[in-house]
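Given next are the chains, with one letter for each unit.
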Amino acid sequence: MVNQTKQAELSKDTLVAMYQEMLLARRIDERMWLLNRAGSIPFVVSCQGQEVAQIAASYALNKDEDFVLPYYRDLGVVLHFGMTVKEVFLQAYGKAEDPNSGGRQMPSHYGQKKNRIVTGSSPVTTQVPHAAGFALASKMEKRNVVSFVTLGEGSSNQGDFHEGLNFAAVHKLPMIVMVENNKYAISVPLSRQVACENISDRAIGYGIPGVTVDGNDALEIYRVVKEAHERALNGEGPTLIETISYRLTPHSSDDDDMTYRTKDEVADHRTLDGIAQFRDMLIEQGYLTEAEDQEIEEKIKQEINEATDYAENAPYAGVSTLTDHVYGQGGE
Ligand SMILES: Cc1ncc(C[n+]2csc(CCOP(=O)(O)OP(=O)(O)O)c2C)c(N)n1
Ligand SMILES: [Mg+2]
């Protein structure tokens, strides 16, 4: 639920901008599925259901200085940190101009140096110790910069999670770990992943704060991440945040979720869609009209159409570039 009592902290313009970014991420994701099913792009791994948490958290960070170590669902985070819609489609098509890897990595393995989006690996959770490393560098260089790292709840069972968090806690590093709990790790439901009630309960083992928030409550997520950001900059160390949402799509375009959950379960969660709740709140508050909402939809559609056309027609990497980024360039 959107908590309406806390919105005074954010201006009307900021709230509407947040909504636009959430919606942009959703509409890009929907387009990706169409392109995948039409045979145009090879793979989709969705952000659907997690956009509210991603955008609200991003707004609480310093977009011009912080480092983000996103996981594959974090389209909202990378858009906020400056990846363009065109670049997102270039990576989906695996084209040469893809800034993430020049079309070499799987889609949604984000990394863009100029926007401080740190490249991740395919093994889940490897980004947590990397984030601790970025936070350590920030502390050693006295740079007042926070590292923000995300992962799924299933991934929090990996050893890297413990090692990264424990190290960051001991050394009071400026790091925020956000676990996007979407109730499934591919086909495995939450009840078969962990025996504790909340993923955030694990924070006590590291001696740091752990908070669980409704992943559809943008204002509460913003507040909690902002607080964690202030703690990090004050030298008080990392915070573990868990956002509760629901994965609205199959795990990926290669997964058939009807083998382990029902249509009704998914449909029920679609009625609780956080983006729709956020839009309704903006309309109720008089911050957005239905007509303005339509204009936003149109603008987004146009931008996505242009990006799709551009990426579809862009060239693949040339064969002569095959070994680029594999070997050192000698003296550079
Ligand atoms: C170390 C490792 N083990 C297994 C996989 C295969 N794998 C990819 S995503 C995934 C599920 C992760 O679930 P969760 O962390 O809850 O994230 P979600 O996809 O639900 O957002 C698995 C098992 C992997 N990439 N890396
Ligand atoms: Mg999950």
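Residues numbered from 1 in each chain as written. Chains lettered and ligands numbered in written order. Predicted model: local features only at pLDDT ≥ 70, side-chain atom pairs only at ≥ 80, totals over all residues. Heavy atoms only, no water.

A. Structural view of the overall build of the protein. If you tally the helices and strands in the protein, you get ten helices and seven strands. Relative to the globule expectation of 20 Å for 332 residues, the C-alpha radius of gyration of the protein, 19 Å, shows essentially globular dimensions. Across its three principal directions, the C-alpha atoms of the protein cover 60 × 50 × 40 Å. The contacts in the protein between residues at least 6 apart in sequence include a share of 74% that link residues at least 24 apart. Surface accessibility of the protein: about 15000 Å² in total, with carbon and sulfur atoms responsible for 51%. Separation of charge centres in the protein, based on 31 positive and 49 negative side chains, amounts to 3 Å. (Helix = DSSP H or I, 4+ residues; strand = E, 2+ residues; numbered from the N terminus. Rg over C-alpha atoms; globule rule 2.2 N^0.38 Å. Contact = heavy atoms within 4.5 Å. Areas by Shrake-Rupley, 256 points an atom, 1.4 Å probe, with all protein chains shown as cover. Lys, Arg positive; Asp, Glu negative; His and termini not counted. Charge placed at Lys NZ, Arg CZ, Asp CG, Glu CD.)

B. Summary view of the site of ligand 1. Lining the immediate environment of ligand 1, one finds 16 residues, of which Tyr71, Tyr72, Arg73, Ser155 and Tyr184 sit closest. In the environment of ligand 1, an oxygen atom lies 2.9 Å from a nitrogen or oxygen atom belonging to the side chain of Asn182. Within the backbone of Tyr184, one N or O atom sits 2.6 Å away from an oxygen atom of ligand 1. A breakdown of the residues in the shell around ligand 1 according to their chemical character gives seven nonpolar, seven polar and two charged. (Near = heavy atom within 4 Å. Polar contact = N/O pair within 3.5 Å; in protein donor to acceptor, adjacent residues only side chain to side chain. Nonpolar A, V, L, I, M, F, W, Y, C, P; charged D, E, K, R; others polar.)

C. Quick peek at the coordination of the magnesium ion (ligand 2). On the protein side, the magnesium ion (ligand 2) has Glu153 (OE), Glu153 (OE), Asn182 (OD1) and Tyr184 (O) as donor atoms, found 2.1 to 2.6 Å from it. Angles of 52 to 175 degrees at the metal separate the six donor atoms of the magnesium ion (ligand 2), which places the site in the irregular class. All donors to the magnesium ion (ligand 2) come from one chain, and their sequence spacing reads E-x28-N-x1-Y. Placement of Glu153 in the loop between β2 (147-152) and α6 (159-170) and of Tyr184 in strand β4 (residues 184-185) is noted, with a sequence separation of 31 residues between them. Looking at Tyr184, the relative accessible area reads 9%, which means it is buried. (Donors = N, O, S within 2.8 Å, 3.2 Å for Na, K, Ca; no water. Tetrahedral: all angles 85-135°; square planar, octahedral: opposite > 155°, others 65-115°. Buried < 20%, exposed > 50% of the residue type's maximum accessible area, 1.4 Å probe, protein only.)

D. Region of the structure containing the sheet that holds strand β3 (residues 175-181). Strand order in the open sheet formed by five strands is β1-β2-β3-β7-β6, and the pairing between neighbours is parallel. Both edges of this open sheet fall to β1 (67-69) and β6 (210-214), since each of them pairs with a single strand only. Ignoring which end each strand starts from, the neighbouring axes of this sheet average 20 degrees apart. In this sheet, strand β7 (residues 239-244) lies alongside β6 in parallel orientation, the contact comprising five bridges. The residue bridging Asp214 from the neighbouring strand is Ile244, located in β7. Lying on the sheet, helix α5 (residues 127-140) is in contact with β1, β2 and β3; it crosses β2 at an angle near 170 degrees. (Pairing = 2+ DSSP bridges. Axes fitted to C-alpha atoms, helices over the stretch in contact; angles between N-to-C directions.)

E. Spatial organisation of unusual backbone geometry. In the Ramachandran plot, Arg116 falls in the positive-phi region, its phi being about 55 degrees despite a non-glycine side chain. With respect to the helices, strands and loops of the structure, Arg116 is situated in the loop between α4 (85-93) and α5. According to the relative accessible area criterion, Arg116 is buried, its value standing at 14%. Phi at Lys183 is positive, roughly 75 degrees, even though this residue is not glycine. A relative accessible area of 27% means that Lys183 is categorised as partly exposed.

The values are spatial; any link to function lies outside them.
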